[in-house]
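Secondary and tertiary structure notes
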Amino acid sequence: MQHPAPGSRLGATGPGVGITLGPIAIDCAILQPGKNAHLASGPTEVSGFAFAGDDRTVARVDVSTDGGGTWTHADLDPPENPWTWQHWRATLTLPPGEAEIIARAWDSTAAVQAESPAIVWNPRGYANNAAAHLHITYHP
């Protein structure tokens, strides 16, 4: 028998509680640069993959370095087939210091990823498709 951690809401779940998982939600990931990367300031290519389930397609990927205040549209490769992730890339120029890169994808129905995992939280973490966040440091 599984016991929930103190303070968790896992014990409040059971058969018939919650919502049924449906189609795969739009999702994207940042692959480059790596987590907590230390980079020289100046132009840097950020790249990753995006996927939309069912008969939807990835319409665009946006990348932000200012907490979502402004967004840069990434270049998006066409999918190799309807069941594969699509590669995306954007060149960003940041001054020296620390930054958080956020990437979010939109699908052909205008669905977009949630900006925070807290918005899509559930006891098991199912279908967590929150926007990708990556902390980096730029040096002069």
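Everything below is about the structure shown above.
Chains are numbered independently. Their residues run from 1 in the order of the written sequence. Totals for whole chains, interfaces and linings use all residues, but because this is a predicted model, local features are given only for residues with pLDDT of at least 70 and pairs of side-chain atoms are given and counted only at 80 or more. Note that the side-chain values use all heavy atoms of the structure and ignore hydrogens as well as water.

Considering the overall build of the chain
- Helix and strand definitions here come from DSSP, where helices need a minimum of 4 consecutive H or I residues and strands a minimum of 2 consecutive E residues; each element is numbered from the N-terminal end. Helices and strands together make up the secondary structure of the chain, namely zero helices and nine strands.
- Within the chain, buried positions represent 31% of all 140 residues.
- A contact between two residues is defined here by any heavy atoms of the two lying within 4.5 Å. Considering only contacts within the chain whose residues lie at least 6 apart along the sequence, 68% involve residues at least 24 apart.
- Where accessible areas are quoted, they stem from the Shrake-Rupley method and a 1.4 Å probe; at the residue level, only the protein chains shown are allowed to cover. Total accessible area on the chain is roughly 8600 Å²; 57% of this is exposed by carbon and sulfur atoms. Here's how the labels work: a residue is buried when its accessible area is under 20% of the maximum for its type, exposed when over 50%, partly exposed in between, all with a 1.4 Å probe on protein chains only.

Digging into the pattern of salt bridges
- Here, a salt bridge means any side-chain nitrogen of Lys or Arg that lies within 4 Å of a carboxyl oxygen of Asp or Glu. The final tally for this structure, using the stated rule, is five salt bridges.
- Note that Arg-56 and Asp-107 form a salt bridge whose closest N and O atoms lie 2.6 Å from each other. Separated by 51 residues along the polypeptide, Arg-56 in the loop between strand 3 (42-51) and strand 4 (58-64) and Asp-107 in strand 8 (residues 97-107) bring together distant segments of the chain.
- Accessibility expressed as a relative area gives 15% for Arg-56, which makes it buried.
- Between Arg-104 and Glu-115 there is a salt bridge, with its nearest N and O atoms 3.6 Å apart. Of this pair, Arg-104 sits in strand 8 while Glu-115 sits in the loop between strand 8 and strand 9 (132-139), and the two are 11 residues apart along the sequence.
- Using a relative accessible area of 12% as the deciding quantity, one classes Arg-104 as buried.
- Glu-115 sits in the partly exposed class, given a relative accessible area of 38%.
- Through salt bridges with shared partners, a single network forms among Arg-60, Asp-62, Arg-104 and Glu-115.

A word on the environment of Gly-97
- Mapped onto the secondary structure, Gly-97 falls in strand 8.
- With residues up to four places along the chain from it excluded, the contact list for Gly-97 reads Ile-136, Thr-137 and Tyr-138.

Considering the nonpolar core
- Ile-30, Ala-50, Val-61, Val-63, Trp-88, Ile-101 and Ile-136 are the most contacted members of the largest nonpolar core, which totals 23 residues.
- At the level of secondary structure, the elements contributing two or more residues to this core comprise strand 1 (27-32), strand 3, strand 4, strand 7 (86-94), strand 8 and strand 9.
- The contact partners of Val-63, leaving out residues within four places of it in the chain, are Thr-70, Trp-71, Thr-72, Ala-74, Trp-88, Ala-90, Leu-92, Ile-101, Ile-102 and Ala-103. Buried Ala, Val, Leu, Ile, Met, Phe, Trp, Tyr and Cys residues that are joined via side-chain atoms within 4.5 Å together make up what is termed a nonpolar core.

Overview of the sheet that holds strand 4
- At least two DSSP bridges between two strands are required for those strands to pair. If you trace the five strands from one edge of the open sheet to the other, you get 2-9-8-4-5, paired in mixed fashion. The open sheet terminates on both sides in strands that have one partner only, identified here as strand 2 (37-40) and strand 5 (72-73).
- With four bridges connecting them, strand 2 and strand 9 associate as parallel partners. Paired with Ala-40 across the two strands is His-139, which belongs to strand 9.

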